[in-house]
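# Structure assessment
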Amino acid sequence: MNKKIGIVIGVIVLGMIFVVSNINFEEQAEITQPEEPEEPENLVLMPVKAARPDCGPNDECYIPAKITIKPGETVYWKNQDAAFHSVTSGFYDDPDGLFDSELLDPEDIFSYKFTEEGIYDYYCTLHPWMKGIILVER
Ligand SMILES: [Cu+2]
């Protein structure tokens, strides 16, 4: 009889240890989990090799080459290439003067807040094949 009670208590204690150790493990996992780095919304990348004309026909010089946002939103451009690039509103050799990042170093980020609805073309002052469009719609 005493043996049986001993076994039952033993099983219960083991069960409790298991439950408690699981709780601890989960809590620890939650604490040590690295936070995801926050990427800004409306992010446009200038990818590696954007300085080569190949990206032009595929619309891959700015990725994505065309995005749609709402008035009041900000677009961020990040230069992931090893070369300089710019984000300049208008068309090549015909800037409209709305925004101009000037030359961005590798890893540089440029941002612009669009307040008015419209279609905004932009390009890179160094590479005529680099073109993108921002659509601002309600
Ligand atoms: Cu460029």
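Residues numbered from 1 in each chain as written. Predicted model: local features only at pLDDT ≥ 70, side-chain atom pairs only at ≥ 80, totals over all residues.

## A look at the overall build of the chain
Scanning the chain for helices and strands turns up one helix and eight strands. In the chain, the succession of helices and strands from N to C terminus is α-β-β-β-β-β-β-β-β. Taking the contacts inside the chain whose residues are at least 6 apart along the sequence as the reference set, 64% of them involve residues at least 24 apart. (Helix = DSSP H or I, 4+ residues; strand = E, 2+ residues; numbered from the N terminus. Contact = placed C-beta atoms within 7 Å.)

## Here we look at the sheet that holds strand β5 (residues 94-100)
Taken in spatial order, the five strands of this open sheet run β2-β8-β7-β4-β5, and their pairing is mixed. Only two strands of the sheet have a single partner each, and these edge strands are β2 (66-69) and β5. Each strand axis lies, on average, 35° off the axis of its neighbour in the sheet, ignoring direction. Bridging between strand β4 (residues 88-91) and strand β7 (residues 118-123) involves two bridges; their strand directions are antiparallel. Directly across from T88, in β7, lies its bridge partner Y123. (Pairing = 2+ DSSP bridges. Axes fitted to C-alpha atoms, helices over the stretch in contact; angles between N-to-C directions.)

## Structural notes on the nonpolar core
One finds A50, C61, W77 and M130 to be the most contacted residues of the largest nonpolar core, which totals 16 residues. For this core, the secondary-structure elements that each account for two or more residues are β3 (74-79) and β7. Those residues in contact with A50 that sit more than four places away from it in its chain are C55, C61, D81, H85, H127 and M130. (Core = buried A, V, L, I, M, F, W, Y, C linked by C-beta atoms within 7 Å. Buried ≥ 20, exposed ≤ 12 C-beta atoms within 10 Å, placed from the backbone.)

## Digging into the sheet that holds strand β1 (residues 43-46)
Whenever strands of a sheet pair, they do so through backbone hydrogen bonds, lying parallel or antiparallel. Overall, mixed pairing links the three strands, which are arranged β1-β3-β6 in an open sheet. Both outer strands of the open sheet, β1 and β6 (109-113), are each paired with one neighbouring strand and no more. When strand polarity is set aside, the average angle formed by the axes of neighbouring strands in this sheet is 20°. Where β3 lies against β6, five bridges are found, and the strand directions are antiparallel. The residue bridging W77 from the neighbouring strand is F110, located in β6.

## With respect to the environment of D54
Along the chain, D54 turns up in the loop between β1 and β2. Separated by 75 residues in the primary sequence, D54 and W129 place their C-alpha atoms 8.5 Å from one another.

## Some words on the pairing of strand β8 (residues 131-136)
Two strands pair when backbone bridges link them, and β2 and β8 are joined in this way by four bridges, in the parallel orientation. Of the residues in β8, the one forming a bridge with T68 is L135. Relative to β8, β7 is paired through six bridges, and the arrangement is antiparallel. Considered in β8, the bridge of Y122 is made with G132.

By themselves, these figures tell us nothing about what the structure is for.
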